[in-house]
Amino acid sequence: DTEVTQTPKHLVMGMTNKKSLKCEQHMGHRAMYWYKQKAKKPPELMFVYSYEKLSINESVPSRFSPECPNSSLLNLHLHALQPEDSALYLCASSQVEGPGNTIYFGEGSWLTVV
Amino acid sequence: EDQVTQSPEALRLQEGESSSLNCSYTVSGLRGLFWYRQDPGKGPEFLFTLYSAGEEKEKERLKATLTKKESFLHITAPKPEDSATYLCAVQAAGNTPLVFGKGTRLSVIA
């Protein structure tokens, strides 16, 4: 079983709503990630946090706002999303950021924007 | 540009029929090759990390191998519960993100 826990598992939101996805890990990892995955496509990196600081932002629109309150928690705040943002959002973690470190994924949060 | 190509796109096996999935890669300075299993509607489940050519790792009916150009995921005597999409990803030197292949969808029929 994955040790990266994501909530909620499913979320339906309107284009004017504000919602958040939450992620928690207790493996002592210091790097955490958000990925987006569309159907039958591989995951695409959105953000990387390293030691609670934003390390990588892969040119993600500002309607997605990440937050890392502490080393175990990662949030993704959502506002004014578009229907094309509907996807599986995956949180992941690794011991540290950098080459050769195995990334462990959570079960994902299914987001539908209506 | 770092690239990962997985083949075949889809594979249908009878239960007990062994086979291999291929992951070909082009990367500047490989620092890790990762195999994941993904069930429909769920996040990728980590299977193996391989770091250097010649390395092999095994877990139950799965065995992963690595050469300088490709990796194979061998499935011995598969069962229906092995049905899933298998993703391969590579990481290059430096602080570069994982590069994923498009995956192989495996169906094992009883």
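As shown above, the structure is provided for reference.
In this report, the structure presented in the accompanying data block is examined. Computed from a prediction, not measured in an experiment: that's the story for all the values here.

1. Quick word on the overall build of chain B
The number of helices and strands found in chain B is 0 helices and 11 strands. For chain B, the N- to C-terminal ordering of α and β elements is β-β-β-β-β-β-β-β-β-β-β. For 110 residues, the compact-globule formula gives about 13 Å, and the C-alpha radius of gyration of chain B, at 13 Å, lands near that figure. For chain B, the spread of C-alpha atoms along the three principal axes comes to 45 × 30 × 20 Å. Looking at chain B as a whole, 45% of its 110 residues qualify as buried. Looking at chain B alone, contacts between residues at least 24 apart form 55% of all its contacts between residues at least 6 apart. Total accessible area computed for chain B in this model is approximately 5400 Å², and 46% of it derives from carbon and sulfur atoms.

2. Observations concerning empty space enclosed by the protein
In this structure the tally under the stated criterion is 1 cavity of 30 Å³ or more. Looking at the largest cavity, its volume works out to about 80 Å³. As for the largest cavity, its lining consists of 13 residues, of which Tyr33 of chain A together with Gln91, Thr96, Pro97 and Leu98 of chain B are closest to the centre. Here the residues of the lining of the largest cavity sort into 8 nonpolar, 4 polar and 1 charged.

3. Some details on the sheet that holds strand E3 (residues 19-26) of chain B
Residues and elements named next belong to chain B. With antiparallel pairing, the 5 strands of this open sheet are ordered in space as E1-E3-E8-E7-E6. The open sheet is flanked by strand E1 (3-7) and strand E6 (56-59), the only strands paired with a single partner. Taken pair by pair, the neighbouring strands of this sheet meet at an average axis angle of 15 degrees, ignoring direction. Pairing of E6 with strand E7 (residues 62-66), which is carried by 4 bridges, proceeds in the antiparallel orientation. Bridged to Glu56 within E7 is Thr65.

4. Let's talk about the interface of chain B and chain A
Contacts between chain B and chain A engage 21 residues on the former and 22 residues on the latter. Both sides together, the interface formed by chain B and chain A hides about 1700 Å², and carbon and sulfur atoms give 58% of it. When the area that chain B buries against chain A is broken down by residue, the three leading residues are Pro44, Asn95 and Phe100 of chain B, summing to 25%. There are 0 salt bridges connecting chain B and chain A. At the boundary of chain B with chain A, the tally comes to 7 residue pairs in polar contact (both at pLDDT 80 or more). Among the elements that make up the side of chain B that touches chain A, the one with the highest residue count is strand E4 (residues 30-38) of chain B (4 residues). The residue inventory of the side of chain B that touches chain A, partitioned by class, reads 10 nonpolar, 8 polar and 3 charged.

5. Some words on the side chain of Arg37 of chain B
All names here are of chain B. Assignment of secondary structure puts Arg37 in strand E4. Taking the relative accessible area as the measure of exposure, Arg37 reaches 14% and is therefore buried. A polar contact is formed between the side chain of Arg37 and the side chain of Asp39, at a distance of 3.0 Å. Only 2.7 Å separates the side chain of Arg37 from the backbone oxygen of Glu81, close enough to count as a polar contact. Once residues within four sequence positions are removed from consideration, Arg37 is found in contact with Gly43, Pro44, Glu45, Leu47, Glu81, Asp82, Ser83, Ala84, Thr85 and Tyr86.

Here is what the cut-offs are and how they apply
- Residues numbered from 1 in each chain as written.
- Chains lettered and ligands numbered in written order.
- Predicted model: local features only at pLDDT ≥ 70, side-chain atom pairs only at ≥ 80, totals over all residues.
- Heavy atoms only, no water.
- Helix = DSSP H or I, 4+ residues; strand = E, 2+ residues; numbered from the N terminus.
- Rg over C-alpha atoms; globule rule 2.2 N^0.38 Å.
- Buried < 20%, exposed > 50% of the residue type's maximum accessible area, 1.4 Å probe, protein only.
- Contact = heavy atoms within 4.5 Å.
- Areas by Shrake-Rupley, 256 points an atom, 1.4 Å probe, with all protein chains shown as cover.
- 1 Å grid on protein atoms, 1.4 Å probe; cavity = no way out; pocket = protein on both sides within 12 Å on 5 of 7 lines; lining within 4 Å.
- Points joined across faces, edges and corners; volume = space filled by probe spheres on them.
- Nonpolar A, V, L, I, M, F, W, Y, C, P; charged D, E, K, R; others polar.
- Pairing = 2+ DSSP bridges.
- Axes fitted to C-alpha atoms, helices over the stretch in contact; angles between N-to-C directions.
- Buried area = accessible area lost by both parts, 1.4 Å probe.
- Salt bridge = Lys/Arg side-chain N within 4 Å of Asp/Glu carboxyl O.
- Polar contact = N/O pair within 3.5 Å; in protein donor to acceptor, adjacent residues only side chain to side chain.

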